[in-house]
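# Observations on chain architecture
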Amino acid sequence: MYFYLKNLTPTQQVGALFVIVFGLLVLASATAFMLSIREYPDDAQGEQRRQNLKSISGVLRTSWLMVLVFWVGWITGDWVALTLFGLVSFFALREFLTLSPTRRGDHRSLVLAFFVVLPLQYWLVGSGHFDMFAVFIPVYVFLALPLVSALANDPLRFLERNAKLQWGIMVCIYGMSHVPALMMLDFPRYDKKNAFLMLFLVLVVQTCMVTQHLVTRRVHSPPSAPQISHSFNWRSWWLGMAAGSLLGALLAGITPFVPGQAFAMSFIACAAGSLGHLVMKALKRDRGIPIWRGEGKGVTGAGGMLDRIDSLCFAAPVFFHSVRWYFDL
Amino acid sequence: MLAKLMSLFLLGLIRVLTGSQARWHGCPPKAEQRIYFANHQSHADLVMIWAALPQELRTVTRAIAARDYWTKTPFKQWLTTAVFNVIYVSRDRTADEDPLEPLLEALANGDSIILFPEGTRGHAEEPQPFKAGLYNLACKFPQAVLIPAWINNVQHVLPKGEVIPVPVLCSVTFGAPMQVQECEECKAFLTRARQAVIALRDV
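Residues numbered from 1 in each chain as written. Chains lettered and ligands numbered in written order. Predicted model: local features only at pLDDT ≥ 70, side-chain atom pairs only at ≥ 80, totals over all residues.

Moving on to the overall build of chain B. Each helix and strand in chain B was counted, giving nine helices and seven strands. Relative to the compact-globule value of 17 Å for 203 residues, chain B shows a C-alpha radius of gyration of 16 Å, a close match. Summarising its shape, the C-alpha atoms of chain B cover approximately 45 × 40 × 30 Å along the three principal directions. The 203 residues of chain B split such that 38% are buried. (Helix = DSSP H or I, 4+ residues; strand = E, 2+ residues; numbered from the N terminus. Rg over C-alpha atoms; globule rule 2.2 N^0.38 Å. Buried ≥ 20, exposed ≤ 12 C-beta atoms within 10 Å, placed from the backbone.)

Right under this line is the structure:
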């Protein structure tokens, strides 16, 4: 089986991968649907199950969406993929800034962030200006935006407003844009199978997060920072890290790494992703909201987009720059 | 045709920019004659509440717009007549006619209307005192259902004086129907209506 897959052309390999992933998703969705039409003799228990199922189908929906985005990106080429990730950035930033107390004076900076910085950053990624896209936001934009805000002549909570805007840009645009940037890296002897690298990152980080989440439900260690998160504790964090990194080592075949390198790289990505998730939780606590979504009270009860992608936003830049530095690309 | 395209474009735009969430809290969307009244902070309010209504209600629900502002250029006039099908009212009191005349006409035709009883766009957190037009309409058309609505966040999308809108999640919350009570004074009713709108901010 392994050798059969190994002997396929890169395109066939990526295709096979999508067939497998879509197959798994269909299976999972079908199971969820079957469970949803099942009747329970006990009402209270049934209600509990239904609630569980609801959150699971939320996760499934996001997974479908993510995989579809990857698939469309893969069959249509780099620029469509970039546009899709750009849209994800756009919606994530919209969520982030809705809950930040911006004032009228910030209007011009916001226009710049959404309609100039975001497209420019993705254009820099797409055209392969690596040195520029790594510094464009932290250097140039971070000096330009406060200037625009200052010119609006409103000193009230100036530092706070700017800090929030810059954080939003850093996480939602800068972080997210590093995911499609993986497509542009040129590894020797890797036949441009970079879609695998992107998938590798997502799988490894998601595995780490999901494992951490599931372990926290089973073991009842006291939370390490109860004011920030009721669930985060170092024990389940380590278990999540182990799961993510081991999966990374197992998946070394689809990456340009040898297993040891893959382990180390996934370790770094998982650490950045899971700890970044904690940081985003702290931001949410600061705003007094449970999830990122307009108003802080989602009508449907589902989480916002940012809740699902925040770990990726932290993992991607760290992973990207580690890989680039290590392989000297 | 052009108007249809424009309305589709505006609907898409408002969805991308604001998510255009409609939250029906006190009543379902229903095809009965209604007077929606809401807070007013931005020009985008009109588009926002229009987009929040379901397609079927949009065609029979007409907003009120100030004649002097919205007929200034041919484009503005076309937008408000062909796309939104608004009812113009004149703000200057020099005209002899009753300023509510066009509204009464529309209500007599069976249309629902959208009203911003503050009369002009406000800056403050809370809406300004409501004007008497709402009371007069409600008294003359007691069969029309009065629905308060709170438009949230739109002032961040397009503050007064700005041209380029910014994406922010917004929502329109529709509240429970209310009515002018037996021999209720104008002032008391307007205060109650304003409170009903403000109360929707926190649901």
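Turning to the overall build of chain A, a few remarks are in order. A count of helical and extended segments in chain A gives eleven helices and zero strands. When the helices and strands of chain A are read in sequence order from the N terminus, they spell out α-α-α-α-α-α-α-α-α-α-α. Considering only C-alpha atoms, chain A reaches an extent of 65 × 60 × 35 Å along its principal axes. Counting over 329 residues, chain A shows a buried share of 37%.

For the rest of this paragraph, the subject is the domain arrangement of chain A. Residue and element names in this part refer to chain A. Domain annotation of chain A identifies domain 1 (1-76), domain 2 (82-184) and domain 3 (186-329). A straight line from the C-alpha centre of domain 1 to that of domain 3 covers 19 Å. Across the contact, eight residues belong to domain 1 and seven residues belong to domain 3. (Domains from an automatic or database assignment. Contact = placed C-beta atoms within 7 Å.)

Bringing the interface of chain A and chain B into the picture now. Between chain A and chain B, the residue contacts involve 14 residues of the former and 13 residues of the latter. Elements supplying a minimum of two residues to the side of chain A that touches chain B: helix 4 (78-98) and helix 5 (107-126) of chain A.

Attention now goes to the pairing of strand 2 (residues 34-38) of chain B. With respect to burial, strand 2 of chain B is a largely interior element, five of its five residues being buried. Neither face of strand 2 of chain B is left uncovered, since the one carrying Arg34, Tyr36 and Ala38 of chain B and the one carrying Ile35 and Phe37 of chain B both have all their residues buried.

Backbone hydrogen bonds are what pair the strands of a sheet, in a parallel or an antiparallel way. All names here are of chain B. Ordered by their spatial adjacency, seven strands build an open sheet running 1-7-6-2-5-3-4, and the pairing between neighbours is mixed. A single partner strand is all that each edge strand has here, and the edge strands are strand 1 (21-24) and strand 4 (87-89). Between one strand axis and the next, the sheet turns by 25 degrees as a mean value, whatever way the strands run. For strand 2 and strand 5 (residues 112-115), the ladder comprises three bridges, and the chain directions are parallel. Considered in strand 5, the bridge of tyrosine 36 is made with isoleucine 114. Contacts from helix 2 (residues 44-52) reach strand 1, strand 2, strand 3 (61-66), strand 5, strand 6 (145-152) and strand 7 (171-174), with the element oriented near 120 degrees to strand 6. (Pairing = 2+ DSSP bridges. Axes fitted to C-alpha atoms, helices over the stretch in contact; angles between N-to-C directions.)

Residues and elements named next belong to chain A. For the pair helix 8 (residues 194-218) and helix 10 (residues 259-287), interaxial distance at closest approach is 9 Å and the crossing angle is 55 degrees. With respect to helix 10, the axis of helix 8 lies oblique. Between helix 8 and helix 10 lies a crossing of right-handed hand. Residues Leu201, Val204, Val205, Cys208, Met209 and Gln212 of helix 8 pack against Ser266, Ala269, Cys270, Gly273, Ser274 and His277 of helix 10. By residue class, the composition of the contact of helix 8 with helix 10 is seven nonpolar, five polar and no charged. (Parallel < 35°, antiparallel > 145°, perpendicular 65-115°, else oblique. Left-handed = near helix turned anticlockwise from the far one by under 90°. Nonpolar A, V, L, I, M, F, W, Y, C, P; charged D, E, K, R; others polar.)

An α-helical segment advances 3.6 residues per turn. Residues three or four places apart therefore align on the same side. All names here are of chain B. Taking 1.5 Å of rise per residue, 14 residues should cover 20 Å, and helix 9 (residues 186-199) covers 20 Å from first to last C-alpha, within 8% of that figure. Here helix 9 has its buried residues at Phe189, Ala193, Arg194, Ala196 and Val197. All buried residues of helix 9 project into a common sector of 155 degrees when viewed along the axis, lining one side. Turned more than 90 degrees from where helix 9 packs its buried face, Lys187, Ala188 and Gln195 sit exposed. (Expected span 1.5 Å × (residues − 1). Arc of directions from axis to C-beta.)

What follows covers the environment of asparagine 109 of chain B. Residues and elements named next belong to chain B. Along the chain, the position of asparagine 109 falls in the loop between helix 6 (101-108) and strand 5. The exposure class assigned to asparagine 109 is exposed, which follows from the 10 C-beta atoms found within 10 Å. Distance from asparagine 109 to tryptophan 50, taken between C-alpha atoms, is 19 Å for residues 59 residues apart in sequence.

All names here are of chain B. Neither face of strand 7 is open: one carries Ser171 and Thr173, the other Val172 and Phe174, and all of them are buried. Judged from the four bridges that link them, strand 1 and strand 7 form a sheet pairing that is parallel. Bridging across to strand 7, glutamine 21 finds its partner in serine 171. Taken together, the four bridges between strand 6 and strand 7 define a ladder with antiparallel strand orientation. In the sheet register, tryptophan 150 faces strand 7, and the bridge partner there is threonine 173.

Scored by pLDDT, chain A has a mean of 84; 95% of the residues are at 70 or more. Here residues 295-302 of chain A scores under 50 on pLDDT; set against residues more than four positions off or in separate chains, the count is nine contacts. (pLDDT = per-residue confidence, 0-100.)

All names here are of chain B. The backbone of asparagine 85 sits at a positive phi, close to 55 degrees, despite the residue not being glycine. Residue placement: asparagine 85 occurs in the loop between helix 5 (74-83) and strand 4. Residue classification places asparagine 85 among the partly exposed positions, given that 18 C-beta atoms sit within 10 Å. Despite not being glycine, asparagine 153 has its phi angle at roughly 80 degrees, a positive value. Along the chain, asparagine 153 turns up in the loop between strand 6 and helix 8 (154-157). Residue classification places asparagine 153 among the partly exposed positions, given that 18 C-beta atoms sit within 10 Å.

Quick look at the environment of leucine 120 of chain A now. Along the chain, leucine 120 of chain A falls in helix 5. As for leucine 120 of chain A and phenylalanine 133 of chain A, which are separated by 13 residues in sequence, their C-alpha atoms are 8.9 Å apart.

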